[in-house]
Each structure stands twice: as C-alpha cells, then as structure tokens.
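Secondary and tertiary structure notes
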Amino acid sequence: MNYLEFEKPLAEIEGKAEELRAMARANPGMDIAKEAEALDRKADVMLKDLYKDLTPWRKCQVARHPDRPHCKDYIDALFSEYTPLAGDRNFAEDHAVMGGLARFNDQPVMVIGHEKGNDTKSRIERNFGMARPEGYRKAIRLMEMADRFRLPVITLVDTPGAYPGKGAEERGQAEAIARSTQKCLEIGVPLISVIIGEGGSGGAVAFATANRVAMLEHSVYSVISPEGCASILWKDAEKMREAAEALRLTAQDLQKLGVIDRIIKEPVGGAQRAPKETIEAVGKGIEAMLKELSNKKPDALVKDRRTKFLDMGSKGLAA
C-alpha cells in the first residue's frame, strides 16, 4: 500500500500490526493476536476519521493515488469483447487514449478513456494520461463511428490535462480539443462520462461534454490544477491548498453547481483500498445512466446535452 502524506499516522499503526503478525508467523508459540486485532480496530477508526471530511487538497491527493484503478482496469472488468481501435488516420496512435468497440451488459457500446499506466514503463508509454492532438482526433473518429452505428458512447476521464509539449502545440492541440468537445455536442447517441480520478482542464472537457457526467466520490474536476492556479495567481505553487479550496473542484461542490449529475460512492479509504468494489459501483452507475437515456431520440439527446452545458453557471454555492 502506498500511503499519502496525511495517512502517515495510519501507516504507522498498520505497520505495527503487520510487524506483530510477522513475529507470530516466525514464532508460532507467541500469542499476540489480540494486540494485532486492537491495532486493526484503531486503524479502522482512524481511516474513517481521515476520510470523513477530506479537504479539497487531500481529495486531489487521493484522486492522484497511483493505486487507484485506471481506465484499463475498468475496461477489463466491466466490458466484454473489447476491440481496441488505434490511430487518428492522420498522424499517429496516442497511447494516452484508449478506445474501441465493446459490450456493456451485452449492449454494444463505444468506450473511450485516458490511461495513465500503473508502473514506470507503462506511465512513460501512456504519457501519464496526457493526450496529444492525435489522441483527441482518435476520439473524434470513434465518436463519429459510434454515431453512424447508433452506439452509446462511454468515456472514462483520468488526466492531469492535455499534453503541453512543443510538438503537441505545433500539431494543433487547442484545435483538437475544441473539435472533440464540439463532436461530443453533435452526436445523436447517449454520451456518458465518468471521472474516475483527475479531470484536468480542457483535456477532460473534450471527453466529458456528455448527457450524464458522474464523478467518483474522491475524484476532482477543474479548469486547472491547484499547483498551476497557485503559480499564476500567487506566483507560488506552494499555495496549492488555498487554490484547491477556491477552485471548487470536488464532486460534492460540482454537483451543487450543476456541473455533474451523479456522485459514485467510494469504499472507506478511497478507490485504491478496494478497487474491485469501486469498479462494481462505477458499473452500476453507468448502467443506471444508460437506462435514463435509452428511450431518448437523437434530437432530444443533442438538445439535452446542449441545454445542460448552456445552463452551467446559473447555479451558485452559498457563501
């Protein structure tokens, strides 16, 4: 288990409990089960207390946890007959964006998502989930295909933001993101988006301009990262905690503001502690959202989506 900074007291207790069990395994005559169980109970209480009321900055840390399930994990667990489709038919394949045909509960769908990778090699290959223009152009191609064959589109968002490198800018990063967002608004099929970790900047909006947007309980969704916001406003990236508060990037705030439609509960301690339970909860959320949209006609779906985004900003949070 990788422990976050604010989880260090918990790490000490769980570490001591594991030490006691290791001693018991090495010395079968030792009876220390009660001491280990007492430490486990203490750890459970502390875990609940830590996650009972997370600050926005702590939610950012949880959303970025390396052990959270990623797009590939969701596709492997929730979708059958997944057939990946590669390339934007123009420049290259972008490994930061996964996408292809699949079945969800035996219903044919198109699934698209950001993949961060789960070890050093795969993270470098996936560019840490930061898509280049060809990734967004691939997504556009897949959405057009889904529209042509009347397949619902499911997107899984988990990105710090679009890749800001020189080559990406030269190949039209902003234009590719804008066209992907436009394509989301145009297609006449149900479009469902789930933010499973970080929803960063236009890189997330390009996939999340959907009829229904859901967020995991401890995920975040914002126009800029707290560090980036602090660097611009205060010229000091260390003020990221204040920036996280001001950005209103938590699922709870965004639901009140009408930016998202649904919050999917995570197990106590976050998705990283019980990936299987989290994936099952996301599957149930997707199933419910697909059911809500199943009888709507193409024109109604497009109108519903456009109205949803035009209405954003009409709700506010009480001071």
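Each value, and the rule that gives it
- Residues numbered from 1 in each chain as written.
- Predicted model: local features only at pLDDT ≥ 70, side-chain atom pairs only at ≥ 80, totals over all residues.
- Heavy atoms only, no water.
- Helix = DSSP H or I, 4+ residues; strand = E, 2+ residues; numbered from the N terminus.
- Rg over C-alpha atoms; globule rule 2.2 N^0.38 Å.
- Areas by Shrake-Rupley, 256 points an atom, 1.4 Å probe, with all protein chains shown as cover.
- Lys, Arg positive; Asp, Glu negative; His and termini not counted.
- Charge placed at Lys NZ, Arg CZ, Asp CG, Glu CD.
- Phe/Tyr/Trp six-rings, centres within 6.5 Å; stacked < 30°, edge-to-face > 60°.
- Buried < 20%, exposed > 50% of the residue type's maximum accessible area, 1.4 Å probe, protein only.
- Lys NZ or Arg CZ within 6 Å of the ring centre and 35° of its normal.
- Axes fitted to C-alpha atoms, helices over the stretch in contact; angles between N-to-C directions.
- Parallel < 35°, antiparallel > 145°, perpendicular 65-115°, else oblique.
- Left-handed = near helix turned anticlockwise from the far one by under 90°.
- Contact = heavy atoms within 4.5 Å.
- Nonpolar A, V, L, I, M, F, W, Y, C, P; charged D, E, K, R; others polar.
- Salt bridge = Lys/Arg side-chain N within 4 Å of Asp/Glu carboxyl O.
- Patch = residues over 30% accessible without salt bridge, like charges linked within 9 Å, V, L, I, M, F, W, Y side chains within 5 Å.
- Pairing = 2+ DSSP bridges.

Attention now goes to the overall build of the protein. Scanning the protein from N- to C-terminus turns up 14 helices and 8 strands. The globule rule puts the C-alpha radius of gyration for 319 residues at 20 Å, and the 21 Å found for the protein is close to it. Once the C-alpha set of the protein is aligned to its principal axes, its extents read approximately 70 × 50 × 40 Å. Summed over its atoms, the accessible surface of the protein is roughly 15,600 Å², and 53% of this surface lies on carbon and sulfur atoms. With 49 positive and 49 negative side-chain charges, the protein shows a spacing of 4 Å between the two charge centroids.

For the structure shown, the criterion picks out 3 aromatic pairs. Plain terms: the ring middles of F79 and F104 are 5.5 Å apart, the flat faces sit at 45 degrees to each other, and that makes the pair tilted. Residue F79 is found in strand β1 (residues 79-84), and its partner F104 is found in strand β2 (residues 97-104); the two are separated by 25 residues along the sequence. Judged by relative accessible area, F104 falls into the buried class, the value being 3%. Ring geometry for Y136 against F207: centres 5.7 Å apart, planes inclined by 65 degrees, an arrangement best described as edge-to-face. With Y136 in helix α6 (residues 133-148) and F207 in helix α9 (residues 201-208), this residue pair connects regions lying 71 residues apart in the sequence. Comparing Y136 with F207 shows no difference in burial state: the two are buried. Residue placement shows K308 over the ring face of F309; its charged tip is 5.9 Å from the ring centre.

For the pair helix α1 (residues 8-26) and helix α2 (residues 33-52), the least separation of the axes is 9 Å and the interaxial angle reads 160 degrees. Relative to α2, the element α1 lies roughly antiparallel. The handedness of the crossing between α1 and α2 comes out as left-handed. Contacts between α1 and α2 involve P9, L10, I13, E14, K16, A17, L20 and R21 on the former and, on the latter, E35, A36, L39, D40, K42, A43, M46, L47 and L50. Partitioned by chemical class, the residues of the contact of α1 with α2 number 11 nonpolar, no polar and 6 charged.

Right, let's get into the packing of α6 against helix α8 (residues 173-186). Their axes nearest at 8 Å, the elements α6 and α8 cross at an angle of 20 degrees. On the basis of the axis angle, α6 is roughly parallel to α8. Of the two elements, α6 crosses α8, and the hand of that crossing is left-handed. Contact residues: α6 offers P133, Y136, R137, I140, M143 and E144, while α8 offers Q173, E175, A176, I177, R179, S180, K183 and C184. Tallied by class, the residues present in the contact of α6 with α8 amount to 7 nonpolar, 2 polar and 5 charged.

On inspection of all chains with the given rule, the structure shows 26 salt bridges. The salt bridge involving E186 is made with K183; its shortest N-O contact spans 3.2 Å. Of this pair, E186 and K183 both sit in helix α8, 3 residues apart, roughly one helical turn. According to the relative accessible area criterion, E186 is partly exposed, its value standing at 37%. The buried category is assigned to K183, whose relative accessible area is 16%. The partner of E292 in a salt bridge is R262, and the shortest N-O contact between them spans 2.9 Å.

Our next topic: a nonpolar patch on the surface. Judged by side-chain polarity, I232, L233 and W234 come together as a nonpolar surface patch covering roughly 320 Å² of accessible area. By the secondary structure assignment, I232 is in helix α10 (residues 226-233).

Let us look at the pairing of strand β5 (residues 191-200). By the criterion of burial, β5 is predominantly enclosed, with 10 of the 10 residues buried. In this structure, strand β4 (residues 153-159) lies alongside β5, joined through 6 bridges in parallel fashion. Note on β5: the bridge partner recorded for V157 is I195. Pairing of β5 with strand β6 (residues 212-216), which is carried by 4 bridges, proceeds in the parallel orientation.

Structural measurements only, silent on function.
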